Amino acid sequence: MLEGRRSTREFGSRPLNTAQLARVAWAAQGRTADGRRTCPSAHALYPLTLTVVAGNMDDLAAGAYRYDAERQVLTLVAEGDHRDRVAATTLADHAWLRRAAALLLLSGDVDAAARHFADQPPLGQRGPRYVWLEAGHAGQNIYLQATEAGLGAVLVAGFDDERLLGLRPAVVPSGQHPLALFGLGHPAGGQG
Ligand SMILES: Cc1cc2nc3c(=O)[nH]c(=O)nc-3n(C[C@H](O)[C@H](O)[C@H](O)COP(=O)(O)O)c2cc1C
């Protein structure tokens, strides 16, 4: 599977299956049978939140949804298609990213992590460092689950933080910092 993992920037018009989206969300942040998560987390703190900006789905209304990792459900936080507004916060990738069936945003409670690891050197930096590392783990899980399902995914970390923060609280939860944005959908070509 690792051999086939590539970044996809050309998406087809075929709607994304909701079960496939749910599987990718689970891979990013889902709960496992032992009560932990699919990705590692320092002190099992789990500071990340996954927001799904759904647009071209087969059985899910367009909207911004928060992934509830414990219950493994998507909860609607804002109706409507927000893909264009989110893609517009990127530094250079608006034109094609807006065509992804769904955009996935990983955000994190950096301040809570800073407080939690406040007594560990380098003071004030260890917690935030751990949040970014965890986002990398979750992001690779997104890539690998997409690859296994024959879907296209791409990490777009080049975004304007302030513009994305302007989409609080629907896309970025209050008190959280945007970490990593992904496009997800059927790749162009084939049945796409
Ligand atoms: C930290 C990081 C940031 C990235 N940011 C962007 C981005 O803003 N836009 C984009 O199109 N791709 C972005 N990428 C994807 C890389 O361009 C891509 O991984 C690289 O070209 C290698 O191609 P591959 O993923 O297909 O192997 C990013 C990747 C990483 C690891």
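Residues numbered from 1 in each chain as written. Predicted model: local features only at pLDDT ≥ 70, side-chain atom pairs only at ≥ 80, totals over all residues. Heavy atoms only, no water.

The name an unreviewed UniProt entry assigns to the protein is SagB/ThcOx family dehydrogenase, from the organism Streptomyces coffeae.

Moving on to the UniProt feature "domain: Nitroreductase" (unreviewed entry) in the protein. Listed under "domain: Nitroreductase" (unreviewed entry) in the UniProt record, and renumbered for this structure, are residues 3–186. Regarding residues 3–186, the helix share stands at 30% and the strand share at 22%, and the terminal C-alpha atoms are separated by 19 Å. (UniProt positions renumbered as here; feature names shortened; annotations may be inferred. Helix = DSSP H or I, 4+ residues; strand = E, 2+ residues; numbered from the N terminus.)

In this section: the nonpolar core. Core analysis: the biggest nonpolar cluster contains 54 residues, and Leu-21, Leu-104, Val-171 and Leu-184 have the highest contact counts within it. No other element matches helix α5 (residues 126–148), which puts six residues into this core. Beyond its immediate chain neighbours, meaning those up to four positions away, Val-171 contacts Thr-51, Val-53, Arg-66, Val-86, Leu-105 and Leu-164. (Core = buried A, V, L, I, M, F, W, Y, C linked by side-chain atoms within 4.5 Å. Buried < 20%, exposed > 50% of the residue type's maximum accessible area, 1.4 Å probe, protein only. Contact = heavy atoms within 4.5 Å.)

Let us now look at the site of the ligand. What surrounds the ligand is the set Arg-5, Arg-6, Ser-7, Arg-9, Asp-93, Trp-96, Leu-155, Val-156, Ala-157 and Gly-158. One of the side-chain nitrogen or oxygen atoms of Arg-5 is found 2.8 Å away from an oxygen atom of the ligand. The contact in question runs from an oxygen atom of the ligand to an N or O atom on the side chain of Arg-6, over 2.9 Å. Grouping the amino acids of the shell around the ligand by side-chain chemistry returns four nonpolar, two polar and four charged. (Near = heavy atom within 4 Å. Polar contact = N/O pair within 3.5 Å; in protein donor to acceptor, adjacent residues only side chain to side chain. Nonpolar A, V, L, I, M, F, W, Y, C, P; charged D, E, K, R; others polar.)

This part is about the pattern of salt bridges. One pass over the full model with this rule turns up five salt bridges. Asp-68 is paired through a salt bridge with Arg-71; the nearest N and O atoms lie 3.0 Å apart. When its relative accessible area of 22% is taken as the criterion, Asp-68 is described as partly exposed. Through salt bridges that share partners, Arg-31, Arg-37 and Glu-70 make up one connected network. (Salt bridge = Lys/Arg side-chain N within 4 Å of Asp/Glu carboxyl O.)

Here the focus is the sheet that holds strand β1 (residues 48–54). Taken in spatial order, the six strands of this open sheet run β3-β2-β1-β4-β6-β5, and their pairing is antiparallel. The strands lining the two open edges of the sheet, one partner per strand, are β3 (73–79) and β5 (152–156). Averaged over all pairs of adjacent strands, the angle between strand axes in this sheet comes to 25 degrees, irrespective of strand direction. Contacts between helix α1 (residues 18–29) and the sheet are confined to β1, β2 (63–68), β3, β4 (102–108) and β6 (177–185), with β1 contributing the most and set at about 160 degrees to the helix. In the packing of α5 onto the sheet, contacts are made with β1, β4, β5 and β6, and the angle to β6 comes to roughly 5 degrees. (Pairing = 2+ DSSP bridges. Axes fitted to C-alpha atoms, helices over the stretch in contact; angles between N-to-C directions.)

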